[in-house]
Amino acid sequence: MRRINKVAVLGSGVMGSRIACHFANAGVSVYLLDIAPKALTETEQAAGISLDHPSIKNRIVNDALKQTLSANPSAVFTKQTAKLITTGNFDDNLNWISECDWIIEVVVENLGIKQSLFERVEKFRKPGTLITSNTSGIPIHLMTQGRSDDFKKHFCGTHFFNPPRYLPLLEIIPTVDTDQSVVDFLLHYGDLYLGKTTVLCKDTPAFIANRIGVFSILSLFHMVDEMGLSIDEVDRYTGTIVGRPKSATFRTTDVVGLDTLIKVARGLQDNLPNDESKDAFRIPEFIAKMEANNWLGDKTKQGFYKKIKNEKGEKDILSLNLKTLEYEPKQKFKSASLEAMKTMDNLKDRLQFLNTATDTAGIFFRKTMYTLFAYCTKRVPEITDDLYRLDDAMRAGFGWELGPFQVWDVLGVQNTVDAMQKEGLTVAPWLTEMLASGKTSFYKTENAQVNYYDQFSKEYKKIPGAEAFIILDNLRANKKVWGNSGVTVTDLGDGILNCEFHTKMNSIGGEVLMGINKAIDLAEKDFRGLVVGNQGANFSAGANIAMIFMMAVEQEYDEIDFAIRQFQKTMMRVRYSSIPVVAAPNHLTLGGGCELCLHADWVQANAETYMGLVEFGVGVIPGGGGSKEFALRISDAYREGDYELNTLREKFLTIGMAKVSTSAEEAFGLGYLKKGQYGISMNQNRLIADAKQKAIELANDGYVRPTERKDIKVLGRQGLGMVFAGANTMYSGHYMSEHDKKISEKLGYVLCGGDLSEPTLVSEQYLLDLEREAFLSLCAERKTLERLQAILKGGKPLRN
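Residues numbered from 1 in each chain as written. Predicted model: local features only at pLDDT ≥ 70, side-chain atom pairs only at ≥ 80, totals over all residues. Heavy atoms only, no water.

Chemist: Explain the overall build of the protein here, please?
Modeler: In terms of regular secondary structure, the protein is built from 33 helices and 25 strands. Its C-alpha atoms give the protein a radius of gyration of 29 Å, near enough to 28 Å, the size a compact globule of 800 residues would have. Projected onto its principal axes, the C-alpha positions of the protein cover 85 × 70 × 65 Å. Counting every position in the protein, which comprises 800 residues, the buried fraction comes to 55%. Across the protein, the fraction of contacts at a sequence separation of at least 24, relative to all contacts at a separation of at least 6, is 70%. Here the protein has roughly 35,000 Å² of accessible surface; of this, 50% comes from carbon and sulfur atoms. For the protein, the centre of its 94 positive side-chain charges and the centre of its 99 negative side-chain charges are spaced 1 Å apart. (Helix = DSSP H or I, 4+ residues; strand = E, 2+ residues; numbered from the N terminus. Rg over C-alpha atoms; globule rule 2.2 N^0.38 Å. Buried < 20%, exposed > 50% of the residue type's maximum accessible area, 1.4 Å probe, protein only. Contact = heavy atoms within 4.5 Å. Areas by Shrake-Rupley, 256 points an atom, 1.4 Å probe, with all protein chains shown as cover. Lys, Arg positive; Asp, Glu negative; His and termini not counted. Charge placed at Lys NZ, Arg CZ, Asp CG, Glu CD.)

Chemist: How should I be thinking about the pairing of strand β22 (residues 609-612) in this particular structure?
Modeler: Here is the key point about a regular strand: its side chains alternate between the two faces of the sheet. Of the two faces of β22, the one carrying Thr-609 and Met-611 and the one carrying Tyr-610 and Gly-612 are both buried. With 4 bridges joining them, strand β20 (residues 587-590) and β22 adopt parallel strand pairing. By the bridge assignment, Leu-590 is partnered in β22 with Gly-612. (Pairing = 2+ DSSP bridges.)

Chemist: Explanation requested: empty space enclosed by the protein in the structure shown.
Modeler: Taken as a whole and judged by the stated rule, the model has 2 cavities of 30 Å³ or more. Roughly 220 Å³ of volume is contained in the largest cavity. Along the wall of the largest cavity there are 21 residues; nearest its centre are Thr-238, Val-242, Arg-244, Thr-368 and Met-369. Of all elements in the fold, only α9 (209-227), α15 (347-356) and α16 (360-379) reach the threshold of two or more residues within the lining of the largest cavity. In terms of residue class, the lining of the largest cavity is made up of 14 nonpolar, 5 polar and 2 charged. Considered as a void within the structure, the second largest cavity measures approximately 40 Å³ in volume. Lining the second largest cavity are Cys-597, Leu-598, Ala-600, Val-603, Arg-633, Tyr-672, Leu-673, Lys-674 and Gln-677. Across the lining of the second largest cavity, the residue classes break down as 6 nonpolar, 1 polar and 2 charged. (1 Å grid on protein atoms, 1.4 Å probe; cavity = no way out; pocket = protein on both sides within 12 Å on 5 of 7 lines; lining within 4 Å. Points joined across faces, edges and corners; volume = space filled by probe spheres on them. Nonpolar A, V, L, I, M, F, W, Y, C, P; charged D, E, K, R; others polar.)

Chemist: In this structure, what is going on with the packing of aromatic side chains? I would like to understand it.
Modeler: The way to describe two aromatic rings as a pair is by their centre distance and the angle between their planes. Overall, the coordinates contain 32 aromatic pairs when judged by the stated rule. Ring centres of Phe-118 and Phe-155 lie 5.4 Å apart, and the angle between their planes is 80°; this geometry places the pair in the edge-to-face category. Of this pair, Phe-118 sits in helix α6 (residues 111-121) while Phe-155 is found in strand β6 (residues 155-160), placing the two residues 37 residues apart along the sequence. Since its relative accessible area comes to 0%, Phe-155 is described here as buried. Ring centres of Tyr-237 and Phe-333 lie 5.9 Å apart, and the angle between their planes is 75°; on these two criteria the pair is classed as edge-to-face. (Phe/Tyr/Trp six-rings, centres within 6.5 Å; stacked < 30°, edge-to-face > 60°.)

Chemist: Which parts of the structure should I look at to understand the nonpolar core?
Modeler: Side chains of a nonpolar character, in soluble globular proteins, are inclined to be buried together. Within the largest apolar cluster, 113 residues are counted, with the highest numbers of intra-cluster contacts made by Leu-10, Phe-221, Phe-304, Phe-405, Trp-408, Leu-431 and Phe-442. Take this core: its biggest share by element is 10 residues, from α16. The residues contacting Leu-10, other than those within four sequence positions of it, are Leu-33, Phe-90, Leu-94, Ile-97, Ile-103, Ile-104, Glu-105, Val-106, Val-107, Leu-117 and Val-121. In terms of nonpolar packing, the next biggest core, distinct from the first, is built from 76 residues, Val-487, Ala-519, Leu-598 and Leu-715 among them. (Core = buried A, V, L, I, M, F, W, Y, C linked by side-chain atoms within 4.5 Å.)

Here's what the structure looks like:
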């Protein structure tokens, strides 16, 4: 029955301010407190202000929060979110914590300072209040010395990763005194309300993610030195090709800060006397020289990479030669393995291929992975009793698609152990026992649920809490209902189907439209509802631009017309089917992906959904029902009393400026989501399950097919006058090109219902016809073809 209505965050530095912002994202009121300044600035002295003035006493916390709120990417979902944060200082406002349900300490990493603050906190903290520390390295049990039993019972480590909004890992580190109900609550609350992958850790140095992650990086540094590889090579070998972040190894270190890595590595080397591999945490000579030169990465403008302007005044990036410590132009090199893997979309296929490759890429992969595998086996049960928690920590904290034990399963456990032994590497006894008993993998899937090997019982166990998630990868083998090259339709159970896309960036072409229609057919015949969602990196980057470009180049306008009609009909089918359709977007939801959401009965969006109609940037207008839908929503706003021309202008600019939301909440503010027709899942891992539950609710409530709208009010010439005048002014002032002016006029023509002499009520089909005609006419423009070609060459989705 514990509820979190108000949180106090003590310490407003980089982490403290961002943690406060993320609690505000979750809708929680936050007190953000920090120390009061000890001295006035020159400006304050000149103004005659004293240290006791309220504006001075909160200067540190206010400046820190202001800096966080101005950061890009944003720490908050919307500007309004920040209003949930109230700032104060330890001298005047520490008593506020008596109102709070959870107190989080995020002050400097100094045990004495933390203990001193906790002594002050206990004077105001009400019994039963959660009290946690965000320390990344200080032993948790040392912090509660001298504190009351109630304090110790409710105390725990809660280690957020930076930035808290975007990195999903939250490590939970209890002490021997922590009540189990507190641990259970934090694991559940972090998952459900903060959107975190919560991982239970033991109170060991650096906990799980940093212990394994820093070992992986430092051991890699030593291998790079031994093999004489360049940083350009290594970042190619350790990036997306093997399921790691695009920033790979050296670029990631520049972003995080080399000083941060060095600090953690030295702390581990000093505090792990019994770690058989503690020498791996020794700082290589080239790292020590970089530290001495203050080449710490982005914060000092140079690290492993350095941005410069070349002779032409253009931006260029240089790479550090680790032998000479001189910056050089980025090296181009050939790798047969990397070239071969470019055609492999499936990560597991790439890993298996690389494991057998005989070139430098293959050798480096095996050296680094075998070393990591051996280290991980020996950390269980030292840092965690359960191997799946180690995998969870690395995926959520370091952005790996698969954790070490998951990668090992892909490569084959027994074969890999045999190969490791030939290299002189040993594994923990529990793994030898596992293999001897005939168990050949760390994980196995039964009844769509993943089980993990438990070294204590020597059996496979269900992952606790996994029943709350739906993992589509685990369903396809036995629950696939239909599929083609771009779509899989899966039975989620309880009468609900799921339609997921498999195209590049989940773009929407003919095969996807066929799949959506087939999924609706199947749901209407034998099921109760449909979810459209996936568990890939993005929901959908929009329509298949390459297909449209090729048809436009060949002047196959009848084919384009047919394709757009099919897109529009499919979106209308989504809107007017006899079963509820729930869209479940996450991350990029652009163009056609956004249009699908506009037509769904309900949108269950991941909090990190970046939604927008971006067709204007291609040189066209939304042609899959997006322009029509905005005209409909403008009309509905008129009914609610909004001033007509202001509403028209606002919605026109949303499309005309290709505005993309930076969160699901902002998508509502931009008009992409409708009040009462959307929900937000903070945890992306819960998204499909949440969407399924909503489809069940809609079906149970007696879902009735909506009636096609014929009462859409459009302004005709009254609105066109404003649109045309605005476009002409922008063009005359050289703020837009002639082609942009033409697109603006076409968009305005659709939103205003055409050249009508007075405001008129029209149907959806009338607007769809206008939308399609405008789209086709723009496809015939040379400037549109040039933009399409440029986008295809760049290989990037359109965003504002």
